[in-house]
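Per-entry structural report
Read off the chains here:
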Amino acid sequence: MGVEAHATNERVTGRRWTVRLDPVGRGRADVRVSCSRPACAAQMLPSAAAGRAAAIAHLKAHLRAGPAPRPSVHCACRAEECHTHIRPAGPRERPVPWRCGGVVVLAVITDREGRWWQVMECCSRCAAAHPTAKVVATAPAAEASARNDGLRADTAAPAVPSVHAPTFSAISPHFSHSATATGTAVLQQASAPRSAARSAPRSARPTRKRPPRGRIAQRLVPHDLRPVALRDELTELGELFRAYQARTEPDLAMLADLHARKAEAFHAWAEATADTGLRLDAQRAEQAAATARLQHLHRIGQAPDGEGPAVVRLLTAPAQWKHARAVLAHVAENAPLPGAEARLLVVMVTLRTAQSGVGNLVGQDIKGLPLQDPQHLVEQLVESGWLGISGTAEELIASRPENPTRISVPSLTPDEDDPGPFTFGRKLRPKLSGWAQRVVGEKKLRKGKTGADVRLLALALATGSDGEGRLGPGGEGIGLDTLSSWCSVDPADLPDLVDRLTAADWLAEADVTGTHLTGRLTERVLPLGCPLT
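Before going into details, it helps to say that this report is about the structure given with it. Here the structure is a predicted model, which means the values were calculated and not measured.

Here's the deal with helix 18 (residues 494–503)
Those residues of helix 18 lying buried are Leu 494, Leu 497, Val 498 and Leu 501. Each buried residue of helix 18 sits inside an arc of 100° when the element is viewed along its axis, so together they form one side. Looking at helix 18, the residues exposed on the side facing more than 90 degrees away from the buried face are Asp 499 and Ala 503. Among the residues trailing helix 18, Asp 505 stands out with phi positive, at a value near 60°.

Looking at the sheet that holds strand 15 (residues 507–512)
Here we have three strands laid out as an open sheet, ordered 14-16-15, and antiparallel in their pairing. The strands lining the two open edges of the sheet, one partner per strand, are strand 14 (478–479) and strand 15. Sheet analysis places strand 14 next to strand 16 (residues 516–521), joined by two bridges and oriented antiparallel. Looking at strand 16, one finds that Gly 479 is bridged to His 516. Strand contacts of helix 18: strand 15 and strand 16, with the helix running at about 165° to strand 15, the strand carrying the most contacts.

Digging into the packing of helix 14 (residues 428–440) against helix 16 (residues 452–462)
Between helix 14 and helix 16, the least distance of the axes is 9 Å, while the angle of their chain directions is 125°. By the angle between their axes, helix 14 is oblique relative to helix 16. Handedness of the crossing formed by helix 14 with helix 16: right-handed. Along its contact with helix 14, which presents Trp 435, Ala 436, Val 439 and Val 440, the element helix 16 presents Arg 455, Ala 458, Leu 459 and Ala 462. Classifying every residue of the contact of helix 14 with helix 16 by side-chain character gives seven nonpolar, no polar and one charged.

Some points on a negative patch on the surface
A grouping of Asp 373, Glu 379, Glu 383, Glu 394 and Glu 395 is seen on the molecular surface, where their side chains present a negatively charged patch. Those elements that place two or more of their residues in the negative patch are helix 12 (374–383) and helix 13 (393–398). Its place among the elements puts Glu 379 in helix 12.

Quick notes on the packing of aromatic side chains
Within this structure, the stated rule accounts for two aromatic pairs. Each ring, one from Phe 266 and one from Trp 269, has its centre 5.5 Å from the other, and the planes form 80°; the classification is edge-to-face. Of the two residues, Phe 266 and Trp 269 are both situated in helix 7 (residues 252–273); the distance of three residues between them amounts to about one turn of the helix. Side by side, Phe 266 and Trp 269 carry an identical accessibility label, which is buried. Pairing Phe 422 with Phe 424 gives two aromatic rings, centres 5.6 Å apart and planes at 25°, and the pair type is stacked. Summarising the burial analysis for this pair, Phe 422 and Phe 424 share the class buried. Stacked on the ring of Trp 17, the Lys or Arg Arg 37 has its end atom at 4.5 Å from the ring centre.

Rules and cut-offs
- Residues numbered from 1 in each chain as written.
- Predicted model: local features only at pLDDT ≥ 70, side-chain atom pairs only at ≥ 80, totals over all residues.
- Heavy atoms only, no water.
- Buried < 20%, exposed > 50% of the residue type's maximum accessible area, 1.4 Å probe, protein only.
- Helix = DSSP H or I, 4+ residues; strand = E, 2+ residues; numbered from the N terminus.
- Arc of directions from axis to C-beta.
- Pairing = 2+ DSSP bridges.
- Contact = heavy atoms within 4.5 Å.
- Axes fitted to C-alpha atoms, helices over the stretch in contact; angles between N-to-C directions.
- Parallel < 35°, antiparallel > 145°, perpendicular 65-115°, else oblique.
- Left-handed = near helix turned anticlockwise from the far one by under 90°.
- Nonpolar A, V, L, I, M, F, W, Y, C, P; charged D, E, K, R; others polar.
- Patch = residues over 30% accessible without salt bridge, like charges linked within 9 Å, V, L, I, M, F, W, Y side chains within 5 Å.
- Areas by Shrake-Rupley, 256 points an atom, 1.4 Å probe, with all protein chains shown as cover.
- Salt bridge = Lys/Arg side-chain N within 4 Å of Asp/Glu carboxyl O.
- Lys, Arg positive; Asp, Glu negative; His and termini not counted.
- Charge placed at Lys NZ, Arg CZ, Asp CG, Glu CD.
- Phe/Tyr/Trp six-rings, centres within 6.5 Å; stacked < 30°, edge-to-face > 60°.
- Lys NZ or Arg CZ within 6 Å of the ring centre and 35° of its normal.

Okay, here's the thing in structure tokens:
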């Protein structure tokens, strides 16, 4: 009997389990919700918002179904010797571990970015020492005192919680969850009845602390700002913005939601204080949220609501589209030779040498273009002084990828006095060159054996349409004089070129009037477009 009594007097360490929200893979939107309890299987959710909602629902289900905190257990932090709860030391003091004490409580700890939630059975001191801990249930005070009396008596049986006891004490858990970028789930405590407050030990009562004074957007949040929920929201938003700035990689969806929350909070702050400056800051936050959300949609290849399907373009940014138009405009003004074939070769060579004035070419780069006599054309460019090559034109045409030919364009070579006509960087040049090769060498243009003039017109239309593919600013069309000058053809020849592009499924609803070409690019070639902005 003595052995059995000793065995029942042994106190076990408090329960502890964690619910986590983790990404499934890099670049994927779906997430995994997992629970450290053995009987819980992982869940796969399509988005972070759905994952956070599922994680919180899973945690609440555990809290409802699980037993109340047991007054006879050791604090869960005791297993770690309270290494996570250290009192701040003064200038002449050494930091000492927080000592366990008080009644046993059930606390929920979460990170501010909403990635994990941990429930632990611990003492009230450790729960109070943790900055994010929220107490959801407290061990009954009567059972705790009975257990203490039983431990002091040698013959008394230890107190064991009744299986028919209520699941929780007077304090019940409530979650308030907003679909923010951080997904922070805030656990709030409902006020306990006065009778329970009187019976609870003094150590279990939360100590009254001075409300924290937050800072957001270079503004201090007043201590006396009411309602209190607005003050807490502004304080938390300031911390979330600072945490976002410390991230190593941007998350535009998260940033958009933070700006949206800031706009709503600043509108409420402006109403409470009648501050015009706060109202203006709220409007700027709304604009920042819309911009960040649009950038996020463009980055992931989706379209804003109500704007139809998205187009995944080869050149993705408006700055890249402007640089592509700048290259074509420079070639149109500075082409050394007349004719569509010479113009097309100059475009491709310019894109190979645009950044530094030098580059490499192989025979296939030139033979892949629709040129009747490419060797003679290269010789003419060399004789004009516009192009320089290492070797002869015949050697250039015969060169292979393992032995490319070095070329140079003196007019594009920067020096101390002239930085060159283009301002884009080294990384963008191959993107522009690859884009032009995709347009000029498009499958149906090659199969239709279209000439250089048709392919030049395809380049012009790809850079002269709007986001929906309509030609010209606002879909008003492109001037025939502009197109004939760029394609180096007579205006009377343009209708035939337009027909050939229509037959190649490049153009739809095309109409050549006396002054303009109207119509739109087909959906098939929209990814090659550089929309007018």
